[in-house]
Amino acid sequence: MHAASSTVVISQVYTAGGNSGATYNADYVELFNLSNSPVNISGWALQYFSAAASATSNPVISPVQGTVILQPGQRYLVQATPGTNGVALTNAADQTSSNLAMGATAGRIYVTNSTTALSNASGCPTNYVDFVGYGTTANCYEAARATAPSLSQPISRTNACVDGDNNATDFALTSTPARNSSAAPTSCSTGGTILSNAAFNPSSVNAGQSSLLTVSGTRGLSVVADLSALVGSTTQMLYDDGSNGDVTANDGIYSYTVAVPSSEAANTYQVTVRGTNSGMMSGTATATLTVTAPVAFVPIHTIQGSTPGTSPYSGQVVMTHGIVTSVISNGYFIQARDSEADSDSHTPEGILVYTGSGQVPTGAVVGNEVQVSGTVTLYPSTAAFPGAELNKPTGFSVLTTSNTLPSAVTLSSTLPSPSGGVQQLLYLQGMRVTAPSITVTQPTDGNLTETAETYTSNGQFWGEISGLPRPTREPGLEVRDAFTASQPLSIPRFDDDPETFLIDSLAGSNAAGVLNVTTGTVLNNVTGVIDVTDYSGNPGLILDAANRPTVASNGMTIVPAPAATAGQISIGDQNMERFYNATADTAGAVTVTPAAYQLRLSKASLGIRNVLNSPDILALEEMENLQTLTDLSNKISADAVAAGQADPQYQPYLVQGNDPSGINVAFLVKPSKIDVVSVDQFGKSTQYTTPTGSQAILNDRPPLVLHAGVKRGSGAADYPVTVIVNHLRSLNSITDSATGATVRAKREAQAEYLANLVQGYQANGEHVIVVGDFNAFDVNDGLVDSMGVIRGNPAPASQDVVAGATGLVNPVLVDAAPTNVSSGAYSYVFNGYAQSIDHFLVTQDIAGSITTQPAHWNADFPVIFRNDASRPEASSDHDGIVGYLSVPAAQAKATVTTALSKQTDGSYLMAVTVTNSGSATAQSVQVTGAVLGTTNTNSALPLQFGDIPAGGSQTMTISFPASAGTSGSRSSETIRGTYSTGSFTLAQRLVLP
């Protein structure tokens, strides 16, 4: 074994610098002179090897810069070049080394007294001053590996003055910030830092409660505390053997649970702890405990009260007790024993004790009965019905252990009932519940790393009691929104589908694993605790860690839209959800990695080809730019050819808009079926008047209008269609007290602008199809009836916060894809219920010729499916819609006109013009009869005109004898003819020329 350093040691190491989620933006190493003499470290170096460095690996060397002499007890801080994530070090580094970059989870860092590279050729190097091997895979270390630094914490010597030559016991995670050479020196002489980090947890308790006293030191110390100020022993032993509150035996952390007498006066007390090693070197540390006056005991059901969203003790400090039923990262739930519950079903018997992240006391173990005091707080304060919790706990003690958990309330189709109101689960907040069977109504969500386009599951999904109809968005203001209570009762209320609730499979059960489920999955034996203080004010069921549900049946699979049949064209719409490329070429857009871009392209290609079935016209939302759209078109073509499918050869159309995040609306058009006449953007510079009277840009993503003709075969005229793709302002912040009025005004103004645009085309006789992500329901939300305004039939003014403009579209548009959960007609899922915010509107002249089909491949599938390039699901958060327009067959329509003139010999010459005003070629056109007055033509009949194309005409002449009549006399003419699909006749009176 290498001898322990007697001069300079590595005293602290942080390796997560600049990583996503890291506290600090740079790796660092702190050196410390534990000797009693100055040490010149000029010419020294830090040398780093990876955890699994081989015999031939070379270290990364970071020399000490300049002349550096460390005085006794002085530190020297070396950091790497800062990254983009995290904050700067609390204390500025003495030196920044560009090549100091260490493995976050494992590695080896040496301090050497020269810059000569260390070698692994003969095994682990020995010619160093000090060395730390950290992480479970480090192949060299002193005695045992040190734990790896975390994202938020470095590892630090438990006693800076002692090098025990054992990385595992010498180092532990710490919250102490790194110190530089300007920090106050730490003396390692007798009475110095034998002990450190003495503290009480919690640091404030009520008289009569307990707190855990801990202190750090090297192993094998004799540690005692003077508790006389707290009416205790003057030589109370602290333990490092796993007893008396000590968590881990033999880890250099000494502990003792201090019971504060109920008679202790309210005050702040300092306790001195002394540690002595085998060499009789001793040191002291001081811990501070604040004791507050005892508070009255209040049962949980009395704290909660019977009125949801309130507590009779709000803002007061109370003491209560209960059995721990669930432990989460920032607190724990307690519930009264069954024998202590009252008879009122409206007073919850459970409550959350909120401690803050990482502050849960070690005694908060499921099954332990605990006593705790804290401030009754209603949270979230902005919710219509906040939950009660005990915040800032000032006291905690374990009363009994290994208790049977309180009985769980059984949920059923009548609890919570679809008609029972949102308060039903509020009466059960903090309590254990169980459901024999739950059906998932919204799949598992997660957290997106957008540059990588990958998700991490958060374990949260929504469900309802099995057997209930699937919930959907209904008209009106949301009753769970605090804004609603201030609005007139003439506006309808949406009950927020109280039968649904969020289920969290991860919060209370990290070790049990996450549940990633699709909509429709059936879970049996679902047991946990109801929480209403999280999840944006919605009720959540935190699953038990030890009592996990079973999957009775799997949920939905992809629902593709069928291909168009003969005589139809298909028009699809799909929101692609922030579809960005790997090039920084659009202001505000996220630049994803090349691998992430290929992932998105692959999944989108699969979905468009195999789920949407390659529509003839595909309207898209949230595409970054024309190059991204072109890349998608090319990917679809390449994949189609490789799969033996017809290549749609999509032509891309996109015009950049105003969106601050760089997303736009677009078209992909199949040229084999569609002739593009024009693609135009409207309203890019249009402004609206905000509630403050200022002007602002109206359309972040202006409408894009496609004028096109549907091909109908050789010689036939195209069937004209006008398709408008839209992406209107979202519902975000629409009820916010600061910005909500502006959001509502903008949504109304956008709806009016689009309605006027549509009406112009409809008045021109065009066949109009309006699609896109309207960010609005097909029912009135009670705020702004956007869809009603666009259709032309908004709700009455009394039923909205902002009255919708009436009569802008006439005749009103037809919703060709109204929400119908039973038939699968919806495009989005939110808060557990299905809804449509993507729509397919048409003018009445073609409404009877259009049908629609939903394409379900995103909204009902867990977001982690985004990570798999071999499957289309979770490519976006929206589902698609495909409409099928039955195109009327092209028809010829021949009509005839004449022009009569008198010749010098008294005869008459008639120019006969046959015009085809139809959409198909008039074939085999002939005039079969021609009479002037009562006289037949003397020209040979039938008179053959041949084929006349759509829109064309042809003129031929026939003659009549002078006997047909006298100039200036009244007469008549009759012309008859036929063509392959019809006939024509002209019969009219005239005056002979």
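Please read all numbers here as calculations on a predicted model, not as lab measurements.

Things to note about the overall build of the chain
- Per the secondary structure count, the chain includes 7 helices and 60 strands.
- For a compact globule of 993 residues, the expected C-alpha radius of gyration is about 30 Å, and the chain comes in at 40 Å, more than 25% above that figure.
- Oriented by its inertia axes, the alpha-carbon framework of the chain measures out at about 150 × 75 × 55 Å.
- Residues counted as buried form 53% of the 993 residues belonging to the chain.
- Put simply, of all contacts in the chain between residues at least 6 apart along the chain, 68% involve residues at least 24 apart.
- Of the roughly 38,000 Å² of accessible surface on the chain, a fraction of 51% belongs to carbon and sulfur atoms.
- Within the chain, the 71 negative side-chain charges are centred at a point lying 8 Å from the centre of the 38 positive side-chain charges.

Some remarks on the sheet that holds strand S54 (residues 908-916)
- One open sheet holds the 3 strands; their spatial order is S53-S54-S58, and the pairing between them is antiparallel. The open sheet has two free edges, formed respectively by strand S53 (894-902) and strand S58 (953-960), since each of these has just one partner strand. Strand-to-strand twist of the sheet, defined as the mean angle between neighbouring strand axes without regard to direction, takes the value 20 degrees.
- In terms of strand pairing, S54 meets S58 through 8 bridges, oriented antiparallel. When the bridges of S58 are listed, Ala911 appears paired with Thr957.

Observations concerning the layout of surface pockets
- Put simply, the second largest pocket is a space of about 1,500 Å³.
- Looking at the second largest pocket, it is lined by 47 residues, and the ones nearest its centre are Asn197, Ala199, Thr214, Ser216 and Ile253.
- Those elements that place two or more of their residues in the lining of the second largest pocket are strand S11 (155-157), strand S12 (171-173), strand S13 (195-201), strand S15 (210-217), strand S18 (253-259) and strand S25 (387-400).
- In terms of residues, the lining of the second largest pocket owes the most to one element, S15, which gives 6 residues.
- Class assignment of the residues belonging to the lining of the second largest pocket gives a composition of 14 nonpolar, 27 polar and 6 charged.

Things to note about the state of the cysteines
- Applying the stated criterion to the full structure yields 1 disulfide.
- Put simply, Cys124 and Cys140 are joined by a disulfide, and their sulfur atoms are 1.9 Å apart. Measuring handedness by torsion sign, the sulfur bridge of Cys124 and Cys140 sits at about -90 degrees and is left-handed. On the criterion of sequence distance, the pair formed by Cys124 in the loop between strand S9 (107-112) and strand S10 (130-134) and Cys140 in the loop between S10 and S11 is long-range, its members being 16 residues apart.

Describing the packing of aromatic side chains
- Scanning the model with the defined rule gives 14 aromatic pairs in all.
- Residues Tyr128 and Phe131 carry aromatic rings whose centres are separated by 5.4 Å and whose planes lie at 65 degrees to one another, so their mutual orientation is edge-to-face. For the residue pair Tyr128 and Phe131, the accessibility class agrees, reading buried in each case.
- Consider the rings of Phe830 and Tyr833, whose centres lie 6.5 Å apart with planes at 80 degrees: the pair is edge-to-face.
- A relative accessible area of 37% places Phe830 in the partly exposed class.
- An aromatic cluster of at least three residues, connected via ring pairs, comprises Phe49, Tyr110, Tyr128 and Phe131.
- The residue whose ring lies beneath Arg871 is Phe865, and the NZ or CZ to ring-centre distance is 3.8 Å.

Describing the side chain of Asp531
- With respect to the helices and strands, the residue Asp531 is situated in strand S34 (residues 522-531).
- A polar side-chain atom of Asp531 sits 2.7 Å from a polar atom in the side chain of Thr533.
- Those residues within four positions of Asp531 in sequence are excluded, and the remaining contacts are Phe333, Asn538, Pro539, Gly540 and Ile542.

Let's talk about helix H3 (residues 594-610)
- The end-to-end C-alpha separation of H3 is 24 Å, in line with the 24 Å expected for 17 residues at 1.5 Å each.
- H3 sits mainly inside the fold: 13 of its 17 residues count as buried.

About the thresholds
Residues numbered from 1 in each chain as written. Predicted model: local features only at pLDDT ≥ 70, side-chain atom pairs only at ≥ 80, totals over all residues. Heavy atoms only, no water. Helix = DSSP H or I, 4+ residues; strand = E, 2+ residues; numbered from the N terminus. Rg over C-alpha atoms; globule rule 2.2 N^0.38 Å. Buried < 20%, exposed > 50% of the residue type's maximum accessible area, 1.4 Å probe, protein only. Contact = heavy atoms within 4.5 Å. Areas by Shrake-Rupley, 256 points an atom, 1.4 Å probe, with all protein chains shown as cover. Lys, Arg positive; Asp, Glu negative; His and termini not counted. Charge placed at Lys NZ, Arg CZ, Asp CG, Glu CD. Pairing = 2+ DSSP bridges. Axes fitted to C-alpha atoms, helices over the stretch in contact; angles between N-to-C directions. 1 Å grid on protein atoms, 1.4 Å probe; cavity = no way out; pocket = protein on both sides within 12 Å on 5 of 7 lines; lining within 4 Å. Points joined across faces, edges and corners; volume = space filled by probe spheres on them. Nonpolar A, V, L, I, M, F, W, Y, C, P; charged D, E, K, R; others polar. Disulfide = S-S within 2.5 Å. Phe/Tyr/Trp six-rings, centres within 6.5 Å; stacked < 30°, edge-to-face > 60°. Lys NZ or Arg CZ within 6 Å of the ring centre and 35° of its normal. Polar contact = N/O pair within 3.5 Å; in protein donor to acceptor, adjacent residues only side chain to side chain. Expected span 1.5 Å × (residues − 1).

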